[in-house]
Amino acid sequence: MSKTGSRHFLAVFCMVAVLAQPAIAQSAGPDDPVRALVQRLDLEKYKATIKALTRFGDRRQGTARNRAALDWIEAQLKSYGCTNIARLQYQFGAEPVHVIAPGGTNNSNVLHFDAGGARARGFSRPTGVNMDPNAQPDAALRALDSPPAVPGLREDLYCTKIGTTHPDEMYLVTAHMDGIGFGEAANDNGSGTALVMELARIISSPDVQTDRSIRFILWNNEETGLNGAAAYVAQRAGLQGKEMPAGSGRYPEPKWLGMIQHDMMLFDHGMPHADGSVSPHQRPEADVNIEFQVDSKFAAQSQALAWALEDANEKYATDYPAAVGRHMTNTDSHEFQDAVATISVRENERGAQVGNGWDPQWHQPTDLYATYNDDDFRLGLNAAQTTLSAVARLAGAVVKK
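Everything quoted here is computed from the prediction, not taken from an experiment. (Residues numbered from 1 in each chain as written. Predicted model: local features only at pLDDT ≥ 70, side-chain atom pairs only at ≥ 80, totals over all residues. Heavy atoms only, no water.)

Asker: So what exactly am I meant to see when it comes to the nonpolar core here?
Answerer: A general feature of soluble globular proteins is that nonpolar side chains tend to end up buried together. Ranked by size, the top nonpolar core spans 70 residues in total, and within it Ile73 and Phe216 carry the most contacts. It is helix 10 (residues 374–395) that provides the largest number of residues to this core, a total of 11 residues. When neighbours within four sequence positions are excluded, Phe216 is seen to be in contact with Leu157, Tyr158, Cys159, Val173, Val196, Leu199, Ala200 and Ile203. Listed in part, the 16 residues of the second largest apolar core include Tyr158, Leu172, Tyr232 and Val233. (Core = buried A, V, L, I, M, F, W, Y, C linked by side-chain atoms within 4.5 Å. Buried < 20%, exposed > 50% of the residue type's maximum accessible area, 1.4 Å probe, protein only. Helix = DSSP H or I, 4+ residues; strand = E, 2+ residues; numbered from the N terminus. Contact = heavy atoms within 4.5 Å.)

Asker: What should I look at first to understand the layout of surface pockets in this one?
Answerer: To find leftover empty space, one rolls a probe the size of a water molecule over the atoms. Within this model, the largest pocket holds a volume of roughly 520 Å³. Of the residues belonging to the lining of the largest pocket, the class tally is nine nonpolar, 10 polar and seven charged. (1 Å grid on protein atoms, 1.4 Å probe; cavity = no way out; pocket = protein on both sides within 12 Å on 5 of 7 lines; lining within 4 Å. Points joined across faces, edges and corners; volume = space filled by probe spheres on them. Nonpolar A, V, L, I, M, F, W, Y, C, P; charged D, E, K, R; others polar.)

Asker: Even after reading the chapter, I still don't get the sheet that holds strand 9 (residues 212–219), so can you show me in this structure?
Answerer: Read across the sheet, eight strands follow the order 1-6-9-7-10-13-11-12 without closing on themselves; strand pairing throughout is mixed. Edge positions in the sheet fall to strand 1 (86–92) and strand 12 (322–325), since each has one partner strand and no second. On average, each strand axis in the sheet is tilted by 25° relative to the strand beside it, whichever way the strands run. The pairing of strand 7 (residues 166–176) with strand 10 (residues 255–262) spans seven bridges and is classified as parallel. Across the sheet, Tyr171 pairs through a bridge with Gly258, a residue of strand 10. Across the face of the sheet, helix 5 (residues 64–80) comes into contact with strand 1, strand 6 (152–161) and strand 9 while running at roughly 15° to strand 6. The strands that helix 9 (residues 299–316) touches are strand 10, strand 11 (288–291), strand 12 and strand 13 (342–346); relative to strand 13, the one it contacts most, it runs at about 40°. (Pairing = 2+ DSSP bridges. Axes fitted to C-alpha atoms, helices over the stretch in contact; angles between N-to-C directions.)

Asker: Looking at this structure, how should I read the environment of Thr318?
Answerer: Following the sequence through the fold, Thr318 ends up in the loop between helix 9 and strand 12. By relative accessible area, which is 53% here, Thr318 ends up exposed. The spatial distance from the C-alpha of Thr318 to the C-alpha of Asn382 is 6.6 Å, given a sequence separation of 64 residues. For Thr318, the residues in contact, after removing those within four places along its chain, are Asn382 and Gln385.

Asker: How should the pairing of strand 12 be read in this particular structure?
Answerer: Within a regular strand, the side chains alternate between the two sheet faces. Pairing geometry for strand 11 and strand 12, over four bridges, is parallel. Following the sheet pairing, Glu291 is matched in strand 12 by Gly325. You can see the chain leave strand 11, run along helix 9 and come back into strand 12, and the turn it takes is right-handed. (Right-handed = clockwise from strand over helix to strand, strands pointing away.)

This is how it looks when you write it as structure tokens:
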């Protein structure tokens, strides 16, 4: 481990040690700024943002509907008071072919490991991307989603809360805004996009101040292979911590302290049954999954960051607990995991559960706002509470009076 990596780990490890004090020492008084910020999250606002995103259909990359969604997101961020709104541009060619993986039974006597090294168990459903427009029975939505992706210019979108004490250091709070499958991409990934937007709204309030910077990023091209996140790393990793121009006190790319990705936040209904059906109800023991990748270069730092979020969830989330796992995979966080402490927050374990068909709406025409109920949306809200409270602690957020 490098000296820089050691310092990062020590900083996060010490933070986790402080957060792990006995519960009586953690009790927050009426002036707790973190609790004040978490209380500004609202279920109806979160739902409204997801619903607004679904007006653009599946927001497939390389389409007019994707570009319109980006414009709308930017307008919303401006209305929240977000500063330094910018777009990162890159080129992308033809969309790769999407395949369907069959379902079946994972025999307990024959070990099967899915993406990221996660052990697959029990029954699974077919997974993959619906590419048949006729599978969408709503004629208006089918027409909206039908124009195909066209090679050319692509854009990520981001805005930054500048830290007052350490503007040269930052946490990345991220989600991908593109979807696929001829639905509305309400869960994948309107739910993660809305979460990041809600946190940007709260942190950008003029009465909120942070010691360290926080950047809110909406990726493009996640569904085609994490291309938007990869473009960001390629273009901006080498700019970290550099003051431009010298003596200005401005850092276009503050040094990365941690990256927190959000991808599919709503649906934790349990394992598929033997007949392939899935419960229509959110399971009472649903949880917010926080994953790091055990074989990444920053695994130790990432695990410490994951436990910092778990601790914040225990203190500040209202309904659902958090669970930490070690098989983060197949989302934009992969592009950062060997460069900085990196975690993924989501509805289910990505490899063992989503990859086995636990979410039947994944990349399907049924990924519609109307598919989900308040128990589902509340799981996403609890994920927002988890990340907001953890990042507020880590970045040193206060509410000015």
